[in-house]
Amino acid sequence: MVFSILTSEQSAISVQELLAKNENKKKLLYLKEKLIPKFLFLIASVSFLTTLGIVYVLLFESFHFFKEVSIIEFFTGTVLKPMSQNPQFGILPLLVGTLTATTIALVVAVPVGLLTAIFLSEYASKRARQILKPIIEVLAGIPTIVYGFFAFTFVTPVLQKIFPELEATNILSPGLVMGIMIIPMVASLSEDAMNAVPQSIRDGALGLGSSKIEVTLKVVIPAAFSGIVASIILAFSRAIGETMIVTIASGSSKQLTFDVMKSMQTMTAYIVEVTGGDAPAGSAIYYSLYAVALTLFLFTLIMNIIANRIAKRFYQKY
């Protein structure tokens with residue numbers, strides 16, 4: 001009798017302890033469920049807050065510059081002489097140099113990258129794709145300063161044999177090398193977009209009598225068009241913000257010219273020159289680097305917005 005009473009009491013205590021443990025586990029789980037979203041939100045906010053910080057610095061410092069220099073003169077002026085006794089801060093020579101180098105890069109990267117993507121997606125075997133794609137993507141991992149010295153010490157001398165009038169520092173050579181650098185971006189992203197097109201669509205087109213090239217050009221590429229355009233615009237943004245290649249190989253000429261054989265300076269190269277020079281803090285030339293950086297930021301922002309609009313406009317869901 002006594003043994004059965006003790007057993008009942010022990011069972012009751014065990015059940016109470018088990019219930020208490022379960023209750024503690026539920027509270028701990030509830031606490032975790034509450035804290036995890038806040039922690040993830042905090043991590044996700046890092047990039048957003050960093051962007052806000054960068055924009056604030058650029059706007060705040062550029063405001064000091066535009067108090068001394070007219071914004072109209074800055075964006076329409078064709079003369080850039082920041083170190084002269086009567087400094088002039090027309091950004092058009094930098095804009096022309098930047099857009100010229102970027103255009104040359106895209107002329108190289110877009111056709112080569114797209115043709116590479118077409119081969120990898122539509123014609124290469126699975127084994128060949130596994131070997132070739134990582135090799136192509138290695139180009140994206142090479143430091144840009146190496147590309148810069150490659151352009152200056154190898155590409156320029158080779159081009160001078162073809163074009164004797166080519167200057168030692170010019171915009172053509174770094175533009176070509178930048179194109180080589182961004183080929184992996186165009187090729188890899190375009191190939192991913194093409195691979196996202198269902199195989200059933202290809203099979204249906206082939207079943208209707210289309211050839212392989214017709215399926216590629218008239219079915220796969222239109223279906224993957226949003227991803228292809230996005231890859232090109234992202235490559236454009238990457239090229240327009242390139243620094244070391246143009247700093248080393250394009251020279252520092254601030255003359256407004258459209259001759260690709262001559263030396264030009266890009267916006268990023270100008271920023272490097274000012275930050276590495278003797279510009280005193282608080283001077284107009286010091287604040288000009290923030291105004292140029294803000295212009296570069298706006299260019300990149302506009303291109304990313306365009307990329308998102310095009311991707312949404314031509315997005316196809318299968």
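Attention in this report is confined to the structure presented alongside it. The numbers attached to residues start from 1 for each chain and follow its sequence in the written order. Totals for whole chains, interfaces and linings use every residue, but because this is a predicted model, local features are given only for residues with pLDDT of at least 70 and side-chain atom pairs only at 80 or more, for both listing and counting. Based on all heavy atoms of the structure, the side-chain values leave hydrogens and waters out of the count.

**Some details on the overall build of the protein**
Okay, so step 1: Along the backbone of the protein there are 12 helices and 2 strands.
Okay, so step 2: In this text, helices come from DSSP runs of H or I with a minimum length of four residues, and strands from runs of E with a minimum of two, each type numbered from the N-terminal end. The order of α-helices and β-strands along the protein, N terminus first, is α-α-β-β-α-α-α-α-α-α-α-α-α-α.
Okay, so step 3: With a 1.4 Å probe rolled over the protein chains alone, any residue whose accessible area is under 20% of its type maximum counts as buried; one over 50% counts as exposed, and the rest are partly exposed. Out of the 318 residues belonging to the protein, those deemed buried represent 38%.
Okay, so step 4: In the protein, of all internal contacts separated by at least 6 residues, the share reaching a separation of at least 24 is 70%.
Okay, so step 5: Note on areas: Shrake-Rupley with a 1.4 Å probe; residue coverage comes only from the protein chains shown. As displayed, the protein offers around 18300 Å² of accessible surface, 69% of which is attributable to carbon and sulfur atoms. Residues are treated as being in contact if the distance between any of their heavy atoms lies within 4.5 Å.

**A short note on the packing of helix H11 (residues 267–275) against helix H12 (residues 284–313)**
Okay, so step 1: Every axis in this analysis is a line fitted to C-alpha atoms, fitted for helices over the stretch in contact. Angles between the N-to-C directions lie between 0 and 180 degrees. Contact geometry of H11 with H12 gives a least axis separation of 9 Å together with a crossing angle of 155°. The orientation of H11 relative to H12 falls into the category roughly antiparallel. Remark: the crossing between H11 and H12 carries left-handed chirality. Residues Met267, Thr268, Tyr270, Ile271, Val274 and Thr275 of H11 form the contact with H12, whose own contacting residues are Ile285, Ser288, Leu289, Val292, Ala293, Thr295, Leu296 and Phe299.
Okay, so step 2: Classes in brief: Ala, Val, Leu, Ile, Met, Phe, Trp, Tyr, Cys and Pro nonpolar; Asp, Glu, Lys and Arg charged; the others, Gly included, polar. A per-class count over the contact of H11 with H12 returns 10 nonpolar, 4 polar and no charged. Here roughly perpendicular refers to angles of 65 to 115 degrees, roughly parallel to angles under 35, roughly antiparallel to angles over 145, and oblique to all remaining angles. Throughout, a crossing is termed right-handed when the near helix is turned clockwise from the far one, and left-handed when it is turned anticlockwise from it by less than a right angle.

**Side note on empty space enclosed by the protein**
Okay, so step 1: A cavity here means a set of points on a 1 Å grid, drawn over the protein atoms and nothing else, where a 1.4 Å probe fits but cannot get out; a pocket is an open set with protein on both sides within 12 Å along at least five of seven lines, and a residue lines either one if it has an atom within 4 Å of a point. Grid points are joined across faces, edges and corners, and a volume is the space filled by probe spheres set on the points. This model, assessed by the stated rule, comprises 1 cavity of 30 Å³ or more.
Okay, so step 2: One number sums up the size of the largest cavity: a volume of about 30 Å³.
Okay, so step 3: Along its surface, the largest cavity is lined by Phe74, Leu80, Phe89, Gly90, Ile91, Leu94, Tyr270, Ser288 and Val292.
Okay, so step 4: Split by residue class, the lining of the largest cavity holds 7 nonpolar, 2 polar and no charged.

**Some points on the side chain of Ser237**
Okay, so step 1: Here Ser237 is to be found in helix H9 (residues 225–240).
Okay, so step 2: If sequence neighbours within four positions are ignored, Ser237 has contacts with Thr300, Met303 and Asn304.

**Brief notes about the packing of aromatic side chains**
Okay, so step 1: Pairing of aromatic side chains here covers Phe, Tyr and the six-membered ring of Trp, requires ring centres within 6.5 Å, and sorts the geometry by plane angle: under 30 degrees stacked, over 60 edge-to-face, intermediate tilted. A full pass over the atoms with the stated rule returns 9 aromatic pairs.
Okay, so step 2: Summarising the aromatic geometry, the rings of Phe65 and Phe66 are spaced 5.3 Å apart at their centres and angled 70° between planes, so their arrangement reads as edge-to-face.
Okay, so step 3: Exposure remark for Phe65: the relative accessible area of 0% places this residue in the buried category.
Okay, so step 4: Aromatic side chains Phe74 and Phe75 sit 4.9 Å apart centroid to centroid with 80° between the ring planes, which places their arrangement in the edge-to-face category.
Okay, so step 5: Assessed through its relative accessible area of 34%, Phe75 is described here as partly exposed.
Okay, so step 6: Definition used: whenever NZ (Lys) or CZ (Arg) falls within 6 Å of the ring centre and also within 35 degrees of the ring normal, the charge is taken to sit over that ring. The side chain of Lys212 reaches across the aromatic face of Tyr123, ending 6.0 Å from its centre.

**Some details on the nonpolar core**
The tendency in soluble globular proteins is for nonpolar side chains to be buried as a group.
Okay, so step 1: In this structure, Phe89, Ile182, Tyr270 and Val292 are the most contacted members of the largest nonpolar core, which totals 56 residues.
Okay, so step 2: Elements supplying a minimum of two residues to this core: helix H1 (2–68), helix H3 (92–123), helix H5 (144–162), helix H6 (172–195), H9, helix H10 (244–249), H11 and H12.
Okay, so step 3: Apart from residues no more than four positions distant in its own chain, Tyr270 is found in contact with Leu80, Pro82, Phe89, Leu94, Lys254, Gln265, Ile285, Ser288, Leu289 and Val292.
Okay, so step 4: The term nonpolar core refers to a set of buried residues drawn from Ala, Val, Leu, Ile, Met, Phe, Trp, Tyr and Cys, joined through side-chain atoms within 4.5 Å. Counting 11 residues, the second largest nonpolar core, distinct from the first, contains Ile118, Met194, Val215 and Val220.

**Details of the packing of H3 against helix H4 (residues 126–137)**
Axes are the key here: two packed helices are described by the angle between their axes and the distance separating the axes.
Okay, so step 1: At a minimum axis separation of 10 Å, H3 and H4 run at an interaxial angle of 155°. When the interaxial angle is binned, H3 and H4 end up roughly antiparallel. In the crossing of H3 with H4, the sense of the turn from one axis to the other is left-handed. Contact residues: H3 offers Thr116, Phe119, Leu120 and Ser121, while H4 offers Arg129, Leu132, Lys133 and Ile136.
Okay, so step 2: Tallied by class, the residues present in the contact of H3 with H4 amount to 4 nonpolar, 2 polar and 2 charged.

**So, a nonpolar patch on the surface**
Okay, so step 1: The patches reported here contain residues having more than 30% relative accessible area and no salt bridge. Joining distances are 9 Å for like charges and 5 Å for nonpolar side chains (Val, Leu, Ile, Met, Phe, Trp, Tyr). Every case where a carboxyl oxygen of Asp or Glu lies within 4 Å of a side-chain nitrogen of Lys or Arg is listed as a salt bridge. A cluster of nonpolar side chains, contributed by Phe119, Tyr123, Ile131, Leu132, Ile135, Ile213 and Leu217, occupies part of the molecular surface with about 620 Å² of accessible area.
Okay, so step 2: Tallying contributions element by element places H4 first for the nonpolar patch, with 3 residues.
Okay, so step 3: Within the secondary structure, Ile135 is located in helix H4.
Okay, so step 4: Ile135 sits in the exposed class, given a relative accessible area of 52%.

**Overview of the pattern of salt bridges**
Okay, so step 1: As enumerated under the stated definition, the model contains 7 salt bridges in all.
Okay, so step 2: Ionic pairing is found between Glu122 and Arg202, a salt bridge with its closest N-O pair at 2.8 Å. Taken together, the residues Glu122 in helix H3 and Arg202 in helix H7 (residues 199–207) connect sequence positions 80 residues apart. Taken as a pair, Glu122 and Arg202 share a single burial class, namely buried.
Okay, so step 3: Put simply, Glu167 and Lys262 hold a salt bridge, and the shortest N to O gap is 3.7 Å. Within this pair, whereas Glu167 is found in the loop between H5 and H6, its partner Lys262 is found in the loop between H10 and H11, the two being separated by 95 residues in sequence.
Okay, so step 4: Relative accessible area serves as the criterion here: at 37%, Lys262 is assigned to the partly exposed category.
Okay, so step 5: Taken together, the salt bridges that share partners define one network made up of Arg129, Lys133, Glu191 and Asp192.

**Comments concerning the environment of Glu165**
Okay, so step 1: Residue position: Glu165 is located in the loop between H5 and H6.
Okay, so step 2: A relative accessible area of 51% means that Glu165 is categorised as exposed.
Okay, so step 3: Each C-alpha atom, one on Glu165 and one on Met261, is 7.0 Å from the other, the two residues being 96 residues apart in sequence.

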